[in-house]
Amino acid sequence: MAESVRVAVRCRPFNQREKDLNTQLCVGMTPNVGQVNLLSSDGATKDFTFDGAYFMDSTGEQIYNDIVFPLVENVIEGYNGTVFAYGQTGSGKTFSMQGVESIAAQRGVIPRAFDHIFTATATTENVKFLVHCSYLEIYNEEVRDLLGADNKQKLEIKEQPDRGVYVAGLSMHVCHDVPACKELMTRGFNNRHVGATLMNKDSSRSHSIFTVYVEGMTESGSIRMGKLNLVDLAGSERQSKTGATGDRLKEATKINLSLSALGNVISALVDGKSKHIPYRDSKLTRLLQDSLGGNTKTIMIACVSPSSDNYDETLSTLRYANRAKNIKNKPTINEDPKDALLREYQEEIARLKAMVQPGSAGPAAPDPNLIDEERKKLREEFEQAMNDLRGEYEREQTSKAELQKDLEELRAEYERANANLDNLNPEEAAKKIQQLQDQFIGGEEAGNTQLKQKRMKQLMEAETKTQKLAAALNVHRDDPLLQVYSTTQEKLDAVSSQLEKEIKKSKGYEREIEDLHGEFELDRLDYLDTIRKQDQQLKLLMQIMDKIQPIIKKDTNYSNIDRIKKEAIWNEDESRWILPDMSTNRTILPLANNGYMHEPAKQEHTLLRSNFDDKLRERLAKSDSENLANSYFKPVKQINVINKYKSDQKLSTTKSLFPTKTPTFDGLASGVIYTDALFERAQSAKRPARLASLNPNK
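Quick notes on the rules
- Residues numbered from 1 in each chain as written.
- Predicted model: local features only at pLDDT ≥ 70, side-chain atom pairs only at ≥ 80, totals over all residues.
- Heavy atoms only, no water.
- UniProt positions renumbered as here; feature names shortened; annotations may be inferred.
- Buried < 20%, exposed > 50% of the residue type's maximum accessible area, 1.4 Å probe, protein only.
- Helix = DSSP H or I, 4+ residues; strand = E, 2+ residues; numbered from the N terminus.
- Pairing = 2+ DSSP bridges.
- Disulfide = S-S within 2.5 Å.
- Polar contact = N/O pair within 3.5 Å; in protein donor to acceptor, adjacent residues only side chain to side chain.
- Patch = residues over 30% accessible without salt bridge, like charges linked within 9 Å, V, L, I, M, F, W, Y side chains within 5 Å.
- Areas by Shrake-Rupley, 256 points an atom, 1.4 Å probe, with all protein chains shown as cover.
- Salt bridge = Lys/Arg side-chain N within 4 Å of Asp/Glu carboxyl O.
- Axes fitted to C-alpha atoms, helices over the stretch in contact; angles between N-to-C directions.
- Contact = heavy atoms within 4.5 Å.
- Parallel < 35°, antiparallel > 145°, perpendicular 65-115°, else oblique.
- Left-handed = near helix turned anticlockwise from the far one by under 90°.
- Nonpolar A, V, L, I, M, F, W, Y, C, P; charged D, E, K, R; others polar.
- Phe/Tyr/Trp six-rings, centres within 6.5 Å; stacked < 30°, edge-to-face > 60°.
- Lys NZ or Arg CZ within 6 Å of the ring centre and 35° of its normal.
- Expected span 1.5 Å × (residues − 1).

Labelled according to an unreviewed UniProt entry, the chain appears under the name Kinesin-like protein, originating from Caenorhabditis tropicalis. One UniProt comment on the chain, placed under Sequence similarities (unreviewed entry), says "Belongs to the TRAFAC class myosin-kinesin ATPase superfamily. Kinesin family."

The structure is reproduced here in structure tokens:
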């Protein structure tokens, strides 16, 4: 059966910033009918109706008992449930989810849910429960495990037909009581990304999801598994009001991107005509895919500010929430899931007990047949895991080195498990059985009648509250035209009153259209401002790359940027580019004749090399007696120029009379350097005027 998303609106008190600005109240509420009134500066009123309306004097206890308590009860019965807070930065989302531990009435949804779950498991008879938790955050569109050994490591979102959407590698922690859950919550909360803005000094810069898994198994062996998602969204914000720059601007851009994607998903679900729901547009919507239009009971707590300074943001939040309440989910009980940890634990206990047969006297001895069967199953599991791992790496185009590393780790784990079977002894098996059984909880307070009555009373009060609200809304929506009146004047008055309401509603719709245009314009300007800042950042990075490009070594593949751009692959799951590994290509020239040299050629090569070495030594010896710098910069005297000219003339005459052959390198040709024609031309050449003017006696 379809069930709508339940939406409650909570208005926080004025904060110090709003008091200093001396802002006016713009929010009014009628709690008994769940109505919220928003007052504009021109006196116009906008009315919204929700499943709950909680004004500034409301408490966390009241909100939990009215709308969250029935949801947690359903989770214990085997349903999936989600509670998430939405609103602008500084509107009280984290306060609503966490609350103040020192003030009992103001404790938030999350700690109250812990108390509720363990009270329910303790008072339930004939059922054993297993409770474990996980805690993650989505920061800059990257998923991180807040309870993992390395909370900076990025995790991937995957999807399988039997499991649905899940986070690979997310750590699970078994909890036996409320303090254990609170310790995990505190540890993870301290690892979250927070930062100061003009709107909030401790603004959440990430979305966080704390998930409690509750598995219950009856004495007959049937298993039900419920899942409770407690989501604290980062605040929507406009850059102009928060003063975000640098890293804060980048964070705000990613936050607004995911919240915009969430709004698009809600709009597509409510529209009913959309064939495609854009869950994959952000990590947040993909993780909440089952909570919006899926197999989950969902509650949205919309947090707003009472200040007129935040009128636009409050109006946007109310519209957002008003659309969300029209989403239809189809929650069903998760019965006998294949991957239930509780069933795995029970099967493990049964196997260990069967493998270690207790004897009438002395310690128990392992059964060889059962051990061989267990070893066979272990081998099959190893082969299946290895095939899955290989297929996963092939799909994701992972390098061979990483695949080989993971296969080696898997093989080592298999060998350790196989060795443990050989060294199995009854005492260790019994110890392991006890450790597994200690994970189970349930029935500790089965005889506490007072605790059971308190739980049932809270459930009845929540149901009564829901029924009263529904009845009030039905009365509020009665059509006066269908009533029976005693006089015509009474009917005329009723019709006139109805006409005035319709006229007022029509004017309200007209103002709504104007407000939507104004809100769209504000969003457009905000997006343009963000685009400009991102364009500046992109140009800065491009200029830096252009400066660095010439100094990159030419023997690396990164010297060709265009080629790198073509080889880059966009990973949709990780929202990042996968670049090719850097490689260096060194050119090595091959030896002549494929690396082999004939003996005569080798001797000729040795002779040429010897002659070259002799000439080089001769030039080095002469370099000691010749100083090129002094010779080049030495003052030129007239007598030196005349003597040089005479010596050159004699040399040309000698060479023309006795032509010499100049051997070429290969010894195949020879030629005469000076000819008689050249000598005659040199003799008939006119003497330079400068040489004629020189006095040889100087």
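Caption draft 1: Here's a closer look at the pairing of strand β2 (residues 6-11). The element β2 is largely enclosed, with a buried count of 6 among its 6 residues. In β2, alternate side chains face the same way, and those of R6, A8 and R10 on one face and V7, V9 and C11 on the other are all buried. Where β2 lies against strand β17 (residues 297-304), 6 bridges are found, and the strand directions are parallel. Note on β17: the bridge partner recorded for V7 is M300. With 3 bridges joining them, β2 and strand β6 (residues 52-54) adopt parallel strand pairing. Across the sheet, residue V9 finds its bridge partner in β6, namely A53.

Caption draft 2: The UniProt feature "coiled-coil region" (unreviewed entry) in the chain, seen in detail. Within the UniProt annotation, "coiled-coil region" (unreviewed entry) is assigned to residues 375-427 and 492-519. In the segment residues 492-519, helix accounts for 100% and strand for 0%; the C-alpha atoms at its two ends are 40 Å apart.

Caption draft 3: Region of the structure containing the state of the cysteines. With the rule as written, the count across this model stands at 0 disulfides. Between C175, a cysteine without a disulfide, and C181, which holds the nearest cysteine sulfur, the sulfur-to-sulfur distance is 3.7 Å. C175 sits in the buried class, given a relative accessible area of 1%.

Caption draft 4: Here's a closer look at the side chain of E142. Tracing the backbone through its elements, the reader meets E142 in strand β9 (residues 142-145). Within the structure, the side chain of E142 is placed 3.2 Å from the side chain of K154, a separation counted as a polar contact.

Caption draft 5: Focus on a nonpolar patch on the surface. A surface patch of nonpolar side chains, about 480 Å² in accessible area, is lined by L540, L541, I544, I548 and I551. Along the chain, I548 falls in helix α15 (residues 488-548).

Caption draft 6: The arrangement of the sheet that holds strand β5 (residues 45-49) in detail. Reading across the sheet, the 3 strands line up as β3-β4-β5 and stay open at both edges, with antiparallel pairing between neighbours. Taken across any chain shown, the strands that pair with only one partner, and hence form the sheet edges, are β3 (27-30) and β5. Ignoring which end each strand starts from, the neighbouring axes of this sheet average 20 degrees apart. Note: β3 against strand β4 (residues 35-39), 4 bridges, orientation antiparallel. Each residue of the ladder has a partner; that of V27, found in β4, is L38. Across the sheet, helix α9 (residues 311-324) touches β3, β4 and β5, and the angle it forms with β5 is around 35 degrees.

Caption draft 7: A look at the packing of helix α2 (residues 60-77) against helix α4 (residues 109-123). Between α2 and α4, whose axes approach to 10 Å, the crossing angle comes to 45 degrees. On the basis of the axis angle, α2 is oblique to α4. Here α2 runs over α4; the crossing is right-handed. On the side of α2, the interface is formed by G60, E61, Y64, V68, F69, V72, E73 and I76, while α4 contributes V109, R112, A113, H116, I117 and A120. Residue classes in the contact of α2 with α4 are distributed as 9 nonpolar, 2 polar and 3 charged.

Caption draft 8: The pattern of salt bridges, seen in detail. For the structure shown, the criterion picks out 17 salt bridges. For D309, the salt bridge goes to R17, with nearest N and O atoms at 3.3 Å. Within this pair, whereas D309 is found in the loop between β17 and α9, its partner R17 is found in helix α1 (residues 16-21), the two being separated by 292 residues in sequence. The class for D309 is partly exposed, based on a relative accessible area of 32%. With a relative accessible area of 27%, R17 lands in the partly exposed category. Here R280 ties to E159 by a salt bridge, and the two come within 3.5 Å at their closest N and O atoms. Linking R280 in the loop between α7 (247-271) and α8 (283-287) with E159 in strand β10 (residues 154-160), this pair joins segments that are 121 residues apart in sequence. Its relative accessible area of 46% is what places R280 among the partly exposed residues.

Caption draft 9: Fine view of the pairing of β17. With respect to burial, β17 is a largely interior element, 8 of its 8 residues being buried. Burial along β17 is two-sided: K297, I299, I301 and C303 facing one way and T298, M300, A302 and V304 facing the other are all buried. Note: strand β7 (residues 80-87) against β17, 7 bridges, orientation parallel. Paired with G81 across the strands is K297, a residue of β17.

Caption draft 10: Representation of the packing of aromatic side chains. Under the criterion given, the structure shown has 6 aromatic pairs. Relative to F210, the ring of Y135 lies with its centre 5.1 Å away and its plane at 70 degrees, an arrangement referred to as edge-to-face. Here Y135 is found in strand β8 (residues 127-139), whereas its partner F210 is found in strand β15 (residues 207-218), with 75 residues between them in sequence. Of the two residues, Y135 and F210, neither departs from the other in class, the shared state being buried. Aromatic ring contacts, followed pair by pair, group F114, Y135 and F210 into a single cluster. Positioned above the aromatic ring of Y320 is the side chain of R323, whose terminal nitrogen or guanidinium carbon lies 5.6 Å from the ring centre. Sitting over the ring of F50, K325 keeps its end group 5.5 Å from the ring centre.

Caption draft 11: The arrangement of α15 in detail. Here α15 contains 61 residues, and its C-alpha end-to-end distance of 88 Å stays within 8% of the 90 Å for a straight helix at 1.5 Å per residue. Of all the residues in α15, the buried ones are A494, Q498, G508, E519, D526 and T530.

Caption draft 12: α4, seen in detail. Along its 15 residues, α4 runs 21 Å from first to last C-alpha, staying within 8% of the 21 Å computed at 1.5 Å per residue. The buried count for α4 comes to 13 of 15 residues, which makes it a mostly enclosed element.

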